[in-house]
Amino acid sequence: MTSLRVGIIGGGFMARTHAQAARRAGGTVCSVLSSSPESTVRAATQLGASPVASLTELLETSEIVHVTSPNSLHAEHALAVLQANKPVICEKPLGVDFTQASALASAAMQAGMLATVPFVYRFHPMARQARAMVANGHLGRLLTVRGAYLQDWLLGSQEVNWRVDETSGGPSRAFADIGSHLVDLTEFIAGERITELQSTTSIAHEHRAGRKVRTEDAAVLTVRFSSGALGSLMVSQVNAGRKNALSLELSGTEHAIEFQQERPDELWIGGAESNRVLARDAAILEPDAARLSTIPAGHPMGYLDAFAAFVADSYAALGGERPEGLPTFADGARAALLTDAVLCSAAERTWVSVDDHRPEATGPTKEPA
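The next point concerns the nonpolar core. If you look at the biggest cluster of nonpolar residues, it comprises 72 residues, and the most contacted ones within it are Val88, Ile189, Leu250 and Phe329. Every residue in contact with Leu250, bar those within four places of it in the chain, is listed here: Val134, Leu139, Leu142, Thr144, Val145, Ile189, Ala190, His255, Ala256 and Ile257. Of all hydrophobic cores here, the second largest spans 28 residues; its members include Ala15, Ala21, Val311 and Tyr315.

Attention shifts here to the packing of aromatic side chains. We describe a pair of aromatic rings using the distance from one ring centre to the other and the angle between the two ring planes. All told, the structure shown has five aromatic pairs when counted by the stated rule. On the basis of an interplanar angle of 80° and a centroid distance of 5.9 Å, the ring pair of Tyr121 and Tyr149 is categorised as edge-to-face. With Tyr121 in the loop between β6 (115–116) and α6 (125–135) and Tyr149 in strand β7 (residues 142–150), this pair connects stretches of sequence that are 28 residues apart. Both residues of the pair, Tyr121 and Tyr149, belong to the buried class. One aromatic cluster is present, built from ring pairs that chain together Tyr121, Phe123, Tyr149, Tyr303, Phe307 and Phe310.

A word on the sheet that holds strand β12 (residues 230–236). Strand order in the open sheet formed by nine strands is β16-β15-β14-β13-β7-β12-β11-β8-β17, with mixed pairing between adjacent strands. With one partner strand each, in any of the chains shown, β16 (276–279) and β17 (352–353) form the two edges of the open sheet. Where strand β14 (residues 256–260) meets strand β15 (residues 266–270), three bridges bridge the pair, whose relative direction is antiparallel. Within β15, the position partnered with Ile257 by the bridge is Ile269. Across the face of the sheet, helix α11 (residues 329–348) comes into contact with β8 (194–202), β11 (218–225) and β17 while running at roughly 55° to β8.

What follows concerns the environment of Ser3. Relative to the assigned elements, Ser3 resides in the segment before β1 (5–9). The exposure class of Ser3 is partly exposed, given its relative accessible area of 37%. C-alpha of Ser3 to C-alpha of Tyr315: the two residues are 312 residues apart in sequence and 9.8 Å apart in space. Discounting chain neighbours no more than four positions away, the residues touching Ser3 are Gly26, Gly27, Thr28 and Glu63.

The pairing of β7 with strand β13 (residues 245–252) spans eight bridges and is antiparallel. When the bridges of β13 are listed, Gly147 appears paired with Leu248. The pairing of β7 with β12 spans seven bridges and is parallel. From the neighbouring strand, Thr144 faces β12, where its bridge partner is Leu230.

A separate point is the layout of surface pockets. In this structure, the largest pocket occupies an estimated 840 Å³ of space. Mapped by element, the contributors of at least two residues to the lining of the largest pocket are α1 (13–24), α2 (37–47), α4 (71–83), α8 (174–190) and α10 (303–318). When grouped by side-chain class, the residues that make up the lining of the largest pocket number 18 nonpolar, 16 polar and six charged.

Our focus in this paragraph is the packing of α1 against α10. Running from N to C, α1 and α10 cross one another at 60°; their axes reach a closest spacing of 8 Å. Considering how the two elements wind past one another, α1 and α10 form a crossing that is right-handed. Residues Phe13, Met14, Thr17, His18, Gln20, Ala21, Ala22 and Arg24 of α1 pack against Tyr303, Leu304, Asp305, Phe307, Ala308, Val311 and Tyr315 of α10. A breakdown of the residues in the contact of α1 with α10 according to their chemical character gives 10 nonpolar, three polar and two charged.

Overall, the prediction assigns the protein chain a mean pLDDT of 94, with 96% of residues at 70 or greater. Here residues 360–369 scores under 50 on pLDDT; set against residues more than four positions off or in separate chains, the count is 26 contacts.

Before going further, it helps to spend a moment on the pattern of salt bridges. Counted under the stated rule, the structure contains 20 salt bridges. Arg128 serves as the salt-bridge partner of Asp288, at 2.5 Å between the closest nitrogen and oxygen. Of the two residues, Asp288 is situated in helix α9 (residues 287–292) and Arg128 in helix α6; the sequence distance between them amounts to 160 residues. The same class applies to Asp288 and to Arg128, which are both buried. One salt-bridge network, in which partners are shared between bridges, spans Arg128, Asp288, Arg291 and Asp313.

Below, the discussion takes up the sheet that holds strand β2 (residues 28–33). Spatially, β3-β2-β1-β4-β5-β6 is the arrangement adopted by the six strands of the open sheet, whose pairing is parallel. Only two strands of the sheet have a single partner each, and these edge strands are β3 (50–51) and β6. Relative to strand β5 (residues 88–90), strand β4 (residues 64–67) is paired through three bridges, and the arrangement is parallel. Paired with His66 across the strands is Ile89, a residue of β5. The strands that α1 touches are β1, β2, β4 and β5; relative to β1, the one it contacts most, it runs at about 170°. Across the sheet, α10 is in contact with β1, β4, β5 and β6; its angle to β4 comes to roughly 150°.

Rules used in this analysis
- Residues numbered from 1 in each chain as written.
- Predicted model: local features only at pLDDT ≥ 70, side-chain atom pairs only at ≥ 80, totals over all residues.
- Heavy atoms only, no water.
- Core = buried A, V, L, I, M, F, W, Y, C linked by side-chain atoms within 4.5 Å.
- Buried < 20%, exposed > 50% of the residue type's maximum accessible area, 1.4 Å probe, protein only.
- Contact = heavy atoms within 4.5 Å.
- Phe/Tyr/Trp six-rings, centres within 6.5 Å; stacked < 30°, edge-to-face > 60°.
- Helix = DSSP H or I, 4+ residues; strand = E, 2+ residues; numbered from the N terminus.
- Pairing = 2+ DSSP bridges.
- Axes fitted to C-alpha atoms, helices over the stretch in contact; angles between N-to-C directions.
- 1 Å grid on protein atoms, 1.4 Å probe; cavity = no way out; pocket = protein on both sides within 12 Å on 5 of 7 lines; lining within 4 Å.
- Points joined across faces, edges and corners; volume = space filled by probe spheres on them.
- Nonpolar A, V, L, I, M, F, W, Y, C, P; charged D, E, K, R; others polar.
- Left-handed = near helix turned anticlockwise from the far one by under 90°.
- pLDDT = per-residue confidence, 0-100.
- Salt bridge = Lys/Arg side-chain N within 4 Å of Asp/Glu carboxyl O.

Structure, rendered in structure tokens:
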């Protein structure tokens, strides 16, 4: 493909991350639109692109649009891109609830447009290796799953961000923000779905910088999978010392595996007789993991490499390729459904069947790829 003209909506950290990944994938970041004329100029200067005055102008100057605006604006912006018959990459959460997210998934399907969500932890080579090992039966029958995504950036009572405000961030904060990554990666690696869950949530500080807090800082889930396997998942943005500690362990009747995002070049493999650590080396990995292992063994790969691989696969799909494991708006809707179920279970203090919780008028979802 020739270099794609890329437009970016938003001007914060994620906009910078998307811009860098777009360039690594061969795109040209040509236009930027942020929340005000001043922030648009500032973001465009940082990203090395041209500021635009409106969404209409951004759509006219772009061949693909990356949406990195606040959560409450994702649906509005992504739908506008689809209605302009342009492909779109939209940050998670895809919508503030499942109804909104599933409507976007339906719109993308009806438009026949590429529409992807950056669940980028799928693109770590060792996460793909774990998925392949589960699929080829190395673990045996799945028994238990243990997962966590822990951060500390909102530990202090004076720490505040637009995500804390439910008007901008939506009714869920910690789970919609990072729990969506955890459940997506869990189902992706396990190759099966969470069918039931029971959750509880907590708010660490009733007020932040004088503002009432209504969205959760932490959530703990007990889950049941379609095979009957059980799992425990914990999400927190107030775990002291944890910066981006995403970890996932799956244990079966034969072996267990653990992937840690902060140690992305390793995969722990457990057995009753002995344990071992598999280091990333394309020469010994399964094909899909080796494909993503773009740097020689011994040279660390990380988050930005995974993000670049996701964007590269999105762009490749525009050229007619069918990359393995590309997360679409259907996957974004799935994460939103699980988020709604978490909030419902916490409010009602009971087990929730994920499928029973799903509203009747919904857009399409799919089984994990």
